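Observations on the model geometry
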Amino acid sequence: MAPIPRPDIRTRFLVISDTHGHPLPSDYAPKADVAIHCGDLTTESKLHEFTSAIDLMKSVDAPLKLVIAGNHDFTLDIPMFRRKVEEVNPPLDPNLVRKEYGDYGEARSLFNEAKESGITFLEEGTYTFTLVNGASLKVYASPYTPSLGDWGFQYHPQAGHDFDIGNDADVVITHGPPRGIMDMTYSGTRAGCPALFKAVARSRPRMHCFGHIHEGWGAKIITWRRNISDNPSHLTDIDNGSSTVIAKLSQITPGVGIQQSTTSHCAEDPIPLKGGSQTLFVNAAFEGTEGVLTQPPWLIDIELPPAA
């Protein structure tokens, strides 16, 4: 007799990004199965900012808390940190650098100490977790963004980057957006990465969350075309007529609190997410353009397979 398939498990995610060293507002006390921070934990990558970011994650009521770096967190990118220090002329006082930024690798060591609080710092790669609620979660994470600058975890836009997302990832966590999806800046240019879009289009995860472009805050369920092209693009591989905007920045009032989206397979959901043919994209940039935490974090329910 064939075993009876176990039903998927509704799992709640708290998703935030770009807190830049600020604490969560005191009235934000959500509970979730998984909390995700999509990078830019700091503004200047100073030790006290990392301490504040870790305290923020400790304050979240979730048994698993996943964190990646952003471009502002350049001391976590140790080769870049060394290069920035060595390029300053006249040379910086080593004691002053150590006081503000710590030794090379010291910021990373803070996250090792935070593991006892359920905080897991993710390098670029794929990870599988068995959640407290019994679900299995497979995550691909990457902090890398395209830029001509000299911040952390960045690559030249023309060189691109290899986002090695497998076909079975449930959630993709990156710092920056893919090209064409909630990546429009106030100057009217798209700042997302074409290589990232191609990788996500081929993978079709249940959710892809990011930040980086603060003015791109929002969420959208993207419906993919039946056949993904050999060179995927937001212009050719999205079925816009069957895609749904959940929220965008122009629709919210700053400071309104938690933005909740229930997007699962359950029949009672107003906009059920169809796994395999759709992906929920979430830009969770928390800091507004005025440098304060004015944009709501996201609470998202997604159905995940049970752990073996």
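All figures in this text were calculated on a predicted structure; none of them were measured in a lab.

Analysis parameters
Residues numbered from 1 in each chain as written. Predicted model: local features only at pLDDT ≥ 70, side-chain atom pairs only at ≥ 80, totals over all residues. Heavy atoms only, no water. UniProt positions renumbered as here; feature names shortened; annotations may be inferred. Helix = DSSP H or I, 4+ residues; strand = E, 2+ residues; numbered from the N terminus. Buried < 20%, exposed > 50% of the residue type's maximum accessible area, 1.4 Å probe, protein only. Polar contact = N/O pair within 3.5 Å; in protein donor to acceptor, adjacent residues only side chain to side chain. Contact = heavy atoms within 4.5 Å. 1 Å grid on protein atoms, 1.4 Å probe; cavity = no way out; pocket = protein on both sides within 12 Å on 5 of 7 lines; lining within 4 Å. Points joined across faces, edges and corners; volume = space filled by probe spheres on them. Nonpolar A, V, L, I, M, F, W, Y, C, P; charged D, E, K, R; others polar.

Let's shift gears to the UniProt feature "domain: Calcineurin-like phosphoesterase" (unreviewed entry) in the protein. Residues annotated by UniProt as "domain: Calcineurin-like phosphoesterase" (unreviewed entry) correspond here to residues 12-215. With 24% helix and 20% strand, residues 12-215 has end C-alpha atoms that lie 25 Å from one another.

It is worth spelling out the side chain of threonine 19 at this point. Residue position: threonine 19 is located in the loop between strand 1 (9-16) and strand 2 (34-37). Its relative accessible area of 0% is what places threonine 19 among the buried residues. Here histidine 37 takes part through its side chain, which lies 2.8 Å from a polar atom of the side chain of threonine 19. When neighbours within four sequence positions are excluded, threonine 19 is seen to be in contact with His37, Asp40, Leu41, Leu56, Phe286 and Leu293.

This paragraph deals with the layout of surface pockets. Over the atoms, a rolling probe the size of a water molecule traces out where space has been left empty. If you add up the space inside the largest pocket, you get close to 340 Å³. Contributing to the lining of the largest pocket are 19 residues, with Gly180, Ile181, Met182, Arg190 and Lys220 lying nearest its centre. Elements supplying a minimum of two residues to the lining of the largest pocket: strand 11 (218-223) and strand 12 (244-248). Residues belonging to the lining of the largest pocket are distributed by class as follows: ten nonpolar, four polar and five charged. Taken as a whole, the second largest pocket holds about 170 Å³ of empty space. Considering the residues around the second largest pocket, the lining is formed by 14 residues, among which Pro146, Pro157, Gly192, Cys193 and Pro194 are closest to the centre. Among the elements that line the lining of the second largest pocket, the one with the most residues is helix 5 (residues 194-203), at three residues.

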